Amino acid sequence: VETMRCSHQLPPAHHIAKVVDRWAAAVEEYSDGEIDVQVFGADSLVGARENIVAVAKGDIECAFSLNFQWGKTLPIMNVTIAPYAFADLDIWRHWHESEAAAYLEEKLLEKGVKNVVWMFQTNTSVFTSNGDFLLAPDDFKGVKIRGLVPSFDAGLAALGATTVTMPGSEVYQALATGVVDAGITDVAAAVSRKYFEVQDHFVVTPVLSAYLHGYLNPAFYDGLSDNAKAALEKAKADAGVWAVEASIEAAAAAPDELRAKGVEVHIATDAENAALEAVMRPAFDEAFGDSEEAAKLIELVGKL
Amino acid sequence: MTMTLVFGGLILLLLTGMPIFAALGLAATAILLIFEGGIGSVADTIFAHLNKSILMAIPLFVFMAQVMMRAKVIDDLYDMAHTVVGHIRGGLGVATVLSCTIFAAISGSSVATALSIGSSAIPQMKRFGYPERGALGVIAAGGTLGILIPPSGPMILYAIVSEVSIGALFLAGIAPGLLMALIFSIYCLADARRNRLTETPDWAGWRKVATAFRRSFWAVMAPPVVMGGIYLGVFTATEAAAAGSLYALLVATLVYRNFGLRDLWICAWSSMRTSMMVFMIIAAAAMFGHAITIIRLPYGVTEAVAAMGLGPFSFILIVMAMIFVMGMFFESISIILITTPILLPTMIALDIDLVWYGVLLMINLELAMITPPVGMNLFVIKGITDAPLSEVVRGAAPYVILMVGGLALLLAAPGLATWLPRSAGFG
Amino acid sequence: MAQHNKREAAAAASFLSRRIVAPLTWLGGAISTLLILGAFGLIVAAVVRRYVFSAPIRFTDEVAGWALVAAIMFGAAEAYRQGDHISIDLVTARLPDKARRAMGVFSDLSVLAFAIAIGRSAWDAVTFARGFGMYTTGHIVMETWILQTPLIAGATLLGLAAMTKLAERFTGRRAP
Ligand code: NA
Ligand code: NA
């Protein structure tokens, strides 16, 4: 029996954390118990920032990261946070079997990790604020908002917002007291992280796409039997679909859950989204920088 | 078996009198070498646990305390406290509990609370003849209020893992936090009376009180400035520590006018030394936590408790006992991250109020800080006073009993925690 | 003769301690203190910029975290040399002199072993991250190995401090 310890950063009740657990059970089942998967969520074993190196180095066998964690280490992993570029869910339904995914997996292996599963997490975000909706580009002028990553923040800055960085654990308190005026988060996270307690206006908009992906130490992977590798392959196809379903469900339920908490929720219209995209996209592209790799990936995504 | 070996080994290492960080680090290294065959993860673990801007609040709060001490701002504050409550036996202890309570409403960390209040208060309490053991105990225990009275770092962590409302949890901590402070105060009064230890002068009279108040004005203003900054949304917790330090520097240079560049360096240097010993323990505790997590040691116990098939009340009782024992060895972050995800499904199935449980957990984590052999607040107090650890442990022992009492009270009357969030409209 | 050798060794240990290790760990402590003061200045500047100029400094949070790691690593040895580190004295205080001395040696050896473990692991982490090309993801993009090098420096200082304490124990001169 091969023990496979998997670290991830999501809290246990998160909809994708549940998909990770389901994937773990599937891997154990499909491999006829050959792989014993031990999941350590919520940063309990290795921190979010250290997962990649810990797996590549072989300290642990397996980890999951959000694409944000790759940063400059492997920039194309972050193509999906281009504002409004990946709003079409069909891209994600067929992702695991796509040429685009294969291309990224090749890049990941060159870097030093063997990708084994893709889990689409969200393409539905919310801009949260107090008093007024953050809807049109003008609404963002002078607003202090908690930023995400530099390239995306460039898009927010182009809207006239001031981005503030702080650890995730301080955001709630900062929103409560007004150290920052506004936030941007996944719509399901706005419910689970209780943003509705401290913000009263929510604009639901497909501004960025994020995914979690699971990867193994390459030497560990190579040492697995063919049966175990086939099990991982099968679990990958299943979990890819489960993740899309879970995310659609979470995103669909969230606006009503927010409304039930007594806050104002607005689903942005196509025209409103287009107006935001027109300002944010050029700034993002400039900050992200062009690369041949990114162009190639976007071309492959276009085939989906 | 492994469990006995690991904890027995750790206790033996600790008893040899080596620095605590070395004992924790060596125990972790041994576990990793035996079970993992290598220590490759050690550096990454340490880096990950120390690379947190929030922790910068610790040296900054200590720096603030050092500046106020060196400029003798604290002396005026304690003179004032002595003038007002000096004629009451144990009054100074109550004043210290009050300081801890106020500081707890500023800081989200118990270590920061014990360090800041302790480094300034202990010399003062000695100055006024407060018995040493009593002073050590009241600050070790009072400091733990930092995580029960909001804001609280561990509460946020528990809330995120369990998905309960952070706001509700913060509200739920207030009444039990104040209640604990009250219990500590009553104990201080009773203990001082029983031992007849403090000389009690007569009531100083209103004129002297007014003078003392005027002299201590700038010291008294420090908490409102920092707290106001946090609650009005001017600073985050880390920024509050920096703002407090800036305030102390301004008061020292502009009002007291007894503070030069050399004083600045001396204060910074001593806050460096004081916080380093705490941080080395935090780093080594992280190593130890990582080592026993990777071999899944605490999981087995927690899973066994979850699978016992108990009713809600006996379940909570067993869980609290288990966490109390864990608390002797681990620091709070590991306990929250390891136990909460495993216990959560059972608690939901048993219909246990997760906010109530969160507050129970916090009190238990407070206990963890003052129970030997590994208790952060015990170490902090020992570090700033040079008193023998046994003396600190003895000083804190009555408070362990008081806190277990508080825990029992909250077990019997969940309303103490849940009333405030419910009336504020949280589910 | 033996007496003479012992005196010479004591002189050598004392020289090593006073002239080389003490200044080095003091320098580490000074760097640590400056890092804390620097972070203090940066955080104050960030608050002022955010409110007075509406132009926040975006990297404060990251830099404060890195400064803290470096401060701890550079400062730990000085705190150790000055005897600040906390230990449990329940048993050792009751031991006869000889046993207490043996415990002291064991304690120094343990700190040395701890320093070696961290230094070794940090060396591996730094070389691996460097070869891997791992970058930070915040507003300052930097290779992570650079940020981890203070761990190597800190472990070296701590190891040196432990070795001199040990030398002083054997030569009969106590650390200052
Ligand atoms: Na607090
Ligand atoms: Na403890």
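Below, the structure is looked at part by part. Not measured: the values here are computed from a predicted model.

What about the state of the cysteines?
Linking two cysteines covalently via their sulfur atoms produces the bond known as a disulfide.
Residues and elements named next belong to chain B.
Right, so step 1: Summed over all chains, the structure comprises one disulfide over all chains.
Right, so step 2: Take Cys100: it sits in no disulfide, and the sulfur closest to it among the cysteines is that of Cys188, at 9.7 Å.
Right, so step 3: Assessed through its relative accessible area of 0%, Cys100 is described here as buried.

Quick word on the sheet that holds strand β9 (residues 201–205) of chain A
Pairing between the strands of a sheet is mediated by backbone hydrogen bonds and can be parallel or antiparallel.
Residue and element names in this part refer to chain A.
Right, so step 1: The sheet built from four strands is open, its strands ordered β8-β5-β9-β11 with mixed pairing. The strands lining the two open edges of the sheet, one partner per strand, are β8 (183–186) and β11 (264–267). Neighbour-to-neighbour, the strand axes of this sheet turn through a mean angle of 25°, independent of strand direction.
Right, so step 2: Direction of pairing for β9 relative to β11: parallel, over a ladder of four bridges. Bridge assignment links Val204 to a residue of β11, and that residue is Ile267.

What to know about the coordination of the sodium ion (ligand 1)
All names here are of chain B.
Right, so step 1: For the sodium ion (ligand 1), the full set of protein donor atoms is Ala104 (O), Ser107 (O), Gly146 (O), Ile149 (O) and Pro151 (O), at a range of 2.2 to 2.3 Å.
Right, so step 2: Binding-site remark: the sodium ion (ligand 1) is held by donors from one chain whose sequence spacing is A-x2-S-x38-G-x2-I-x1-P. One end of the pair, Ala104, is in helix α6 (residues 91–104); the other, Ile149, is in the loop between α8 (132–144) and α9 (153–162), with 45 residues separating them in the sequence.
Right, so step 3: Using a relative accessible area of 0% as the deciding quantity, one classes Ala104 as buried.

Focus on the coordination of the sodium ion (ligand 2)
All names here are of chain B.
Right, so step 1: Surrounding the sodium ion (ligand 2) are the protein donor atoms Gly327 (O), Ala368 (O), Thr371 (O), Thr371 (OG1) and Val374 (O), which sit 2.2 to 2.7 Å from the metal.
Right, so step 2: Spacing between the donor residues of the sodium ion (ligand 2) along the chain follows G-x40-A-x2-T-x2-V. Here Gly327 is found in helix α16 (residues 312–329), whereas its partner Ala368 is found in helix α18 (residues 354–370), with 41 residues between them in sequence. Here the two residues Gly327 and Ala368 agree in accessibility, since each one is buried.

Points about the packing of α16 of chain B against helix α20 (residues 389–412) of chain B
How two helices pack is summed up by the angle between their axes together with the distance between the axes.
All names here are of chain B.
Right, so step 1: Where α16 meets α20, the closest approach of the two axes is 12 Å, and the angle between their N-to-C directions is 160°. Put simply, α16 runs roughly antiparallel to α20. Relative to α20, α16 is oriented so that their crossing is right-handed. Note on element contacts: α20 touches α16 through Val400, Val404, Leu407 and Leu411, opposite Phe313, Ile316, Leu317, Met320 and Phe324.

Quick notes on a nonpolar patch on the surface
Residues and elements named next belong to chain C.
Right, so step 1: Together, Phe15, Leu16, Ile20, Leu24, Trp26, Leu27 and Ile31 give the surface a local cluster of nonpolar side chains, amounting to about 600 Å² of exposed area.
Right, so step 2: With respect to the secondary-structure elements, Leu16 resides in helix α1 (residues 2–52).
Right, so step 3: Of the residues examined, Leu16 reaches a relative accessible area of 38% and is grouped as partly exposed.

Digging into the interface of chain A and chain C
Right, so step 1: Every contact between the two is made by 24 residues of chain A and, on the other side, 16 residues of chain C.
Right, so step 2: The three residues of chain A that bury the most area against chain C are Lys57, Lys72 and Thr165 of chain A, which together make up 25% of that side's buried surface.
Right, so step 3: Scanning the region where chain A abuts chain C turns up zero salt bridges.
Right, so step 4: The interface formed by chain A and chain C includes five residue pairs in polar contact (both at pLDDT 80 or more).
Right, so step 5: Ranked by the residues each element gives to the side of chain A that touches chain C, the list is headed by helix α2 (residues 51–57) of chain A, at four residues.

Quick word on the interface of chain B and chain C
Right, so step 1: With 60 residues of chain B in contact, the opposing surface of chain C contributes 58 residues.
Right, so step 2: In this assembly, chain B packs against chain C so that about 5100 Å² is buried in total across both faces, 78% of it on carbon and sulfur atoms.
Right, so step 3: Sorting the residues of chain B by area buried against chain C places Phe47, Met56 and Arg273 of chain B first, and these three jointly supply 13% of that buried surface.
Right, so step 4: For the pair chain B and chain C, the number of links is one salt bridge.
Right, so step 5: The set of elements that each furnish at least two residues to the side of chain B that touches chain C consists of α1 (2–15), α2 (20–35), α3 (42–50), α4 (57–70), α13 (237–256), α14 (261–294), α19 (376–385) and α20 of chain B.
Right, so step 6: Per-element accounting of the side of chain B that touches chain C gives the leading share, 12 residues, to α14 of chain B.
Right, so step 7: Looking at the side of chain B that touches chain C residue by residue, the class counts come to 41 nonpolar, 13 polar and six charged.

Notes on the pairing of strand β4 (residues 114–122) of chain A
Residues in a regular strand point their side chains to alternate faces of the sheet.
Residues and elements named next belong to chain A.
Right, so step 1: Here β4 lies mainly inside the structure; eight of its nine residues are buried.
Right, so step 2: Sheet analysis places β4 next to strand β10 (residues 210–216), joined by seven bridges and oriented antiparallel. Across the sheet, residue Phe120 finds its bridge partner in β10, namely Tyr211.

Digging into the packing of aromatic side chains
To describe a pair of aromatic rings, you give the distance between the ring centres and the angle between the ring planes.
Right, so step 1: Applying the stated criterion across every chain yields a total of 26 aromatic pairs over all chains.
Right, so step 2: Aromatic side chains Trp95 of chain A and Trp118 of chain A sit 5.8 Å apart centroid to centroid with 90° between the ring planes, which places their arrangement in the edge-to-face category. Here the residue Trp95 of chain A occupies a position in the loop between α3 (89–93) and α4 (99–111), and Trp118 of chain A occupies one in strand β4, the gap between them amounting to 23 residues. The pair Trp95 of chain A / Trp118 of chain A is uniform in exposure class, with both members buried.
Right, so step 3: Judged by centre distance (4.5 Å) and plane angle (35°), the ring pair of Phe7 of chain B and Phe329 of chain B falls under tilted. Of the two residues, Phe7 of chain B is situated in helix α1 and Phe329 of chain B in helix α16; the sequence distance between them amounts to 322 residues. Side by side, Phe7 of chain B and Phe329 of chain B carry an identical accessibility label, which is buried.
Right, so step 4: One aromatic cluster is present, built from ring pairs that chain together Phe86, Trp92, Trp95, Trp118, Phe120 and Tyr211 of chain A.

Concerning the side chain of Ser125 of chain A
Residues and elements named next belong to chain A.
Right, so step 1: Structurally, Ser125 is set in strand β5 (residues 125–129).
Right, so step 2: For Ser125, a relative accessible area of 2% gives the class buried.
Right, so step 3: In contact with Ser125, not counting residues within four places along its chain, are Ile184, Thr185, Asp186, Val187, Val203, Val204, Thr205, Val207 and Leu208.

Considerations on α20 of chain B
Right, so step 1: With 24 residues, α20 of chain B should reach 34 Å at 1.5 Å per residue; the first-to-last C-alpha distance of 34 Å fits that figure.
Right, so step 2: Considering bend angle alone, the principal kink of α20 of chain B is centred on Ala396 of chain B and spans about 35°; proline Pro398 of chain B follows within four residues of it.

Things to note about the pattern of salt bridges
Right, so step 1: Scanning all chains against the criterion turns up 27 salt bridges over all chains.
Right, so step 2: Among the ionic pairs, Glu293 of chain A bridges to Lys107 of chain A, the shortest N-O distance being 3.2 Å. Within this pair, whereas Glu293 of chain A is found in helix α11 (residues 292–302), its partner Lys107 of chain A is found in helix α4, the two being separated by 186 residues in sequence.
Right, so step 3: Exposure remark for Lys107 of chain A: the relative accessible area of 12% places this residue in the buried category.
Right, so step 4: Connected through salt bridges with shared partners, the residues Arg5 and Glu61 of chain A together with Glu36 of chain B form a single ionic network.

Conventions used here
Chains are numbered independently. Their residues run from 1 in the order of the written sequence. All chains are assigned letters beginning with A, and all ligands numbers beginning with 1, in the order in which they are written. pLDDT decides what is reported in this predicted model: residues at 70 or higher carry local features, side-chain atom pairs at 80 or more are listed and counted, and totals for whole chains, interfaces and linings draw on all residues regardless. Excluded from the side-chain calculations are hydrogens and water; all other atoms, namely the structure's heavy atoms, are used. The criterion for a disulfide is a pair of cysteine sulfur atoms lying within 2.5 Å. Throughout this description, buried means an accessible area under 20% of the type-specific maximum (1.4 Å probe, protein chains only), exposed means over 50%, and partly exposed covers the range between. Pairs of strands are assigned from DSSP output, requiring at least two bridges between the strands. In DSSP terms, a helix is any run of H or I states spanning at least four residues, a strand is any run of E spanning at least two, and both are numbered starting from the N terminus. Axis definition: a line fitted to C-alpha atoms, limited for helices to the stretch in contact. Angles are taken between N-to-C directions and run from 0 to 180 degrees. Only nitrogen, oxygen and sulfur atoms count as donors, using a 2.8 Å cut-off from the metal that widens to 3.2 Å for Na, K and Ca. Water is left out, so coordination shells may look unfilled. Any angle between 65 and 115 degrees counts as roughly perpendicular, while under 35 counts as roughly parallel, over 145 as roughly antiparallel, and the rest as oblique. Left-handed is the label given to a crossing in which the near helix is rotated counterclockwise from the far helix by less than a right angle, and right-handed is the label when the rotation is clockwise. The criterion used for residue contact is that any of the two residues' heavy atoms lie within 4.5 Å. Without a salt bridge and with relative accessible area above 30%, a residue can belong to a patch; like charges are then joined within 9 Å and nonpolar side chains (Val, Leu, Ile, Met, Phe, Trp, Tyr) within 5 Å. What sets the accessible areas is the Shrake-Rupley method with a 1.4 Å probe; for residues, cover comes only from the shown protein chains. Should a side-chain nitrogen of Lys or Arg be within 4 Å of a carboxyl oxygen of Asp or Glu, the pair is scored as a salt bridge. Defined here as a combined quantity, buried area equals the accessible surface (1.4 Å probe) lost by two parts on assembly, summed across both. In the analysis that follows, any N or O atom pair within 3.5 Å is treated as a polar contact, provided that within protein one partner can donate a hydrogen and the other can accept it, and provided that, for residues neighboring in sequence, both atoms belong to side chains. Three residue categories are used. Nonpolar comprises Ala, Val, Leu, Ile, Met, Phe, Trp, Tyr, Cys and Pro, charged comprises Asp, Glu, Lys and Arg, and polar comprises the others, including Gly. In summary, the pairing rule links any two rings of Phe, Tyr or Trp, Trp by its six-membered ring, whose centres are within 6.5 Å, and it sorts them by plane angle into stacked for under 30 degrees, edge-to-face for over 60 and tilted for everything else. To estimate how far a helix should extend, the number of its residues minus one is multiplied by 1.5 Å. Bend at a given residue is defined as the angle between two axes, one fitted to the seven residues that end at that position and one fitted to the seven that begin there.

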